[in-house]
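Close look at the chain arrangement
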Amino acid sequence: MIICPYCQFNNPIEHKFCQSCGSPLQLWRALILPGKPSIALAVDETTGPEMEPSTSGNPEIWQQVASDNIDPIAAEVVGTRAAGDWLGSQQRYRLIEPIALNADSQNQKVVEVQVTDTKPNDMASSLVEQRHRFSLVEIDQADGKSHFPLMAYPYLALHSRFFPSIPELQNAWIEADYSVLIVEDRRHLPDLLTIWQQATLDPLQQVHSFYVMVELWDAMAAFKGQGSLLNISNLCMDEDQIVCLRCIEMGPYRNDYRLADMGLLWQSLLQSNSQSLSDLIGLATQVTEGQIDVIDSLKEALVAIADRYQLGTDIAPAVSETPAESNVLADLDIPGLEGIDISSEDTGMDSIDSPTMVLPMKLTGLEDAGQSHVGQQRDHNEDNYFIQSALSRQETLSTQTLDAKCAYILCDGMGGHSGGEVASQLAVDTLREYLDDHWDAELPDEKELRHSIGLANQVIYEKNQIEERTGSARMGTTLVMLLVKGTTAVAAHVGDSRLYRYTKRLGLQQITVDHEVGQREIKRGVEPAIAYARPDAYQLTQALGPCGEEALEPSFNYLNLTEDTLLLLCSDGLSDDRLLETHCSTHIEPILRGHKGIEEGVADLIELANEQNGHDNITALVVKLKVKPDLSKLQSV
């Protein structure tokens, strides 16, 4: 039975939610390990939040671990505990099952037992949340700092890069003769071998699974933990078909593992599935026979297989529908400048946003419009947006100038129990108020923008904490914000809501890069074919609200408007499935050219998304800007 920490109701162990109050019942796995009294982690109160545990740690300490002989846990060390007893002196973790070591179990290196956390909302002790504070030292050098088991270190060091493949570590402590680690319980996940034997497993998923295992193998080498990947019972698959470890198993039992050992495991898996890819079977043979024994070579071979099966064809960067011409001014339709030829080779321009632009520009027109729709499958709208346009016009007999100071904010909320619309509204309101109070004449710099986004994040984060929201119930929101001042603009974004730009010369361009797992993998060097073969490739890595500001990393883009431009902010209900790229010529280009009014154009985009997608809320903000060279300044250039 599991005692609900909220209402104290006794629930059957197989239930994930309390039968009385509906609260989540999260089980954890306690790993009881032989103690290492001379080596531990030390918590450093002065370490800055930007520090992360290294993936190698102190090599001298790890060498000591690898060379020591760890005796099995004796029954009298841990003692006998009944179900319902507390594990540890802090009276937080209650045993779901008894601990009863006997003579037949004296060869155990690790004792595993299931526990429930009676204080699930107490995040202060979560080691993953505090991992930047830990350093690896010998206890006699720690000078009275708090000590944690050495075996907790790999969980902390590898979490940010490899979760969910690496289980979450919630807590750890040292008893007199043994150490305790509280890790995510993965007993409910099916064994990797069981999944591999199923005919429903996509053969191409095999490529991604092997690639994950190679990356984990490389990372585990520093901790003598490669045996974690060779114990088939320690490998499982989560709901998103990602290869996961049940726990990290480290030496000193054996430290001379070779890639050939993993090749043997691969061969066993491949033989269990009649649909295994022939290329992978050949690769596993090469690895087993030692023909490939270098990590980078093995990764390259897997990438080549992925490319061969065209895993990444649907996520290739969009090709502009309008080819670029050599004459920069020829496509600008500027009266009086038709005979001027300035090619990009002559000007040295690398991009439209280059600071070496030859012609100074001025704004001559600005229109904007926004619409939002609930979509075809949702019963409420979690999107929100804000538009504020301020235009000032000055005109004399000989000159006419237009200045603009405009703000556009779009948020796509998420979170259970109406949390999405609350989060998106909080973000919009916080940013709107900040801009009203702090945005003066020029565009805010990156520091100011980061501060404003941090405030929005904090408001949502604090509401999550006050309402004790956990897991998927924690509210959050994406953000894309555009500020326009004259012929310059800045975009800030968090998540997968996007900003697009369309010009006659350059066609449609996606300005923002989604904060998602696939793009994160590409950024750290993984080939796109492998990155987007992951089942969680489109899972967000950034959002406002679920985590504190220290985990927030917004992105910024500064733009110079050098030709008539259409800027489009949208939620993923509109951008999914390359909808805009596919229908650019029929739904975006006519708005810029004036063949379609801006309000009508936005309505058509919403209708298109409902017809082609419709699975999510849909929001679009369109800004149409017309510019021309400022001839009054041209003589000074």
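Residues numbered from 1 in each chain as written. Predicted model: local features only at pLDDT ≥ 70, side-chain atom pairs only at ≥ 80, totals over all residues. Heavy atoms only, no water.

Considering the side chain of Thr512
Which entries qualify depends on this criterion: The helix and strand labels rest on DSSP assignments: H or I over at least four residues marks a helix, E over at least two residues marks a strand, and numbering proceeds from the N terminus. The buried label goes to any residue with under 20% of its type's maximum accessible area, the exposed label to any with over 50%, and the partly exposed label to all in between, with areas taken from a 1.4 Å probe on protein chains only. Pairs of N or O atoms are called polar contacts if they sit within 3.5 Å, as long as, within protein, a hydrogen donor faces a hydrogen acceptor (for residues adjacent in sequence, only side-chain-to-side-chain pairs). Note on contacts: a residue pair is in contact if any heavy atoms of the two residues lie within 4.5 Å.
With respect to the element layout, Thr512 can be found in the loop between β21 (507–510) and α12 (517–523). On the basis of relative accessible area, Thr512 is assigned to the buried category, the value being 2%. A polar contact of 3.1 Å, which involves the side chain of Thr512, links it to the backbone nitrogen of Leu499. Once you skip the residues sitting within four places of it in the chain, Thr512 turns out to touch His493, Ser497, Arg498 and Leu499.

Topic: helix α6 (residues 259–271)
Where we set the bar: Here, expected helix span is obtained from the residue count minus one, scaled by 1.5 Å.
Across its 13 residues, α6 extends 18 Å between first and last C-alpha, which sits within 8% of the 18 Å expected from 1.5 Å per residue. Within the sequence span of α6, burial applies to Leu259, Ala260, Asp261, Met262, Gly263, Leu265, Trp266, Leu269 and Leu270.

Quick look at a negative patch on the surface
The line we're drawing: For patch detection, residues must exceed 30% relative accessible area and be free of salt bridges, and they are connected within 9 Å for like charges or within 5 Å for nonpolar side chains (Val, Leu, Ile, Met, Phe, Trp, Tyr). With residues, only the protein chains shown are counted as cover, and all accessible areas are computed by Shrake-Rupley using a 1.4 Å probe. Salt bridge criterion: a side-chain nitrogen from Lys or Arg within 4 Å of a carboxyl oxygen from Asp or Glu. The sign given to each residue is positive for Lys and Arg and negative for Asp and Glu; His and the chain ends receive no count. Where a charge lies is defined by one atom per residue type: Lys uses NZ, Arg uses CZ, Asp uses CG and Glu uses CD.
Together, Asp218, Asp296, Glu300, Asp307 and Glu527 line one region of the surface with negative charge. If you tally residues by element for the negative patch, the top one is helix α8 (residues 295–308), at three residues. Within the secondary structure, Glu300 is located in helix α8. Among the residues examined, Glu300 registers a relative accessible area of 56% and is labelled exposed.

Examining the packing of helix α7 (residues 278–288) against α8
For clarity, the cut-off: Simply put, an axis is a line fit to the C-alpha atoms, just over the touching stretch for a helix, and the angle between two N-to-C directions goes from 0 to 180 degrees. Put simply, angles under 35 degrees are roughly parallel, angles over 145 are roughly antiparallel, angles from 65 to 115 are roughly perpendicular, and the rest are oblique. Under the scheme applied, nonpolar residues are Ala, Val, Leu, Ile, Met, Phe, Trp, Tyr, Cys and Pro; charged residues are Asp, Glu, Lys and Arg; polar residues are all the others, including Gly.
It is the contact of α7 with α8, at a shortest axis distance of 11 Å, that shows an interaxial angle of 170°. Between α7 and α8, the angle is such that the two are roughly antiparallel. Only Leu298, Ala301, Leu302, Ile305 and Arg308 of α8 make contact with α7, whose side of the interface consists of Asp279, Leu280, Leu283 and Val287. For the contact of α7 with α8, a count of residues per class yields seven nonpolar, no polar and two charged.

Overview of the packing of aromatic side chains
Cut-off, in case you're wondering: Here a Phe, Tyr or Trp ring, Trp counted by its six-membered ring, pairs with any other such ring whose centre lies within 6.5 Å, and the pair is stacked when the planes are under 30 degrees apart, edge-to-face when over 60, and tilted otherwise. Definition used: whenever NZ (Lys) or CZ (Arg) falls within 6 Å of the ring centre and also within 35 degrees of the ring normal, the charge is taken to sit over that ring.
Throughout the structure, instances matching the rule amount to six aromatic pairs. For the pair Trp196 and Phe210, a centre-to-centre distance of 5.3 Å together with 10° between the ring planes defines the contact as stacked. Note that Trp196 is positioned in helix α4 (residues 192–196) and Phe210 in helix α5 (residues 203–220), a separation of 14 residues in sequence. According to the relative accessible area criterion, Trp196 is buried, its value standing at 0%. The interplanar angle of 0° and the centroid separation of 4.0 Å between the aromatic rings of Phe210 and Trp266 together place this pair among those described as stacked. Highlighted residues: Phe210 in helix α5 and Trp266 in helix α6, separated in sequence by 56 residues. Given the relative accessible area of 0%, Phe210 is considered buried. The exposure class of Trp266 is buried, given its relative accessible area of 1%. One aromatic cluster is present, built from ring pairs that chain together Trp196, Phe210 and Trp266. Positioned over the ring face of Trp86 is Arg94, at 4.0 Å from the centre of the ring. The ring of Trp439 has Lys405 sitting right over it, with the charged end atom 5.0 Å from the ring centre.

Notes on the pattern of salt bridges
A full pass over the atoms with the stated rule returns 23 salt bridges. Salt-bridge contacts for Arg186 lead to Glu184; the nearest nitrogen and oxygen are separated by 3.3 Å. You'll find Arg186 and Glu184 in the same group, each marked buried. For Arg432, the salt bridge identified is with Asp429, shortest N-O distance 3.5 Å. Of the two residues, Arg432 and Asp429 both sit in helix α10 (residues 419–438), three residues apart, roughly one turn of that helix. Given the relative accessible area of 26%, Arg432 is considered partly exposed. Residues participating in the shared-partner salt-bridge network are Arg161, Glu215, Lys299, Arg520, Glu521, Arg524, Arg534 and Asp536.

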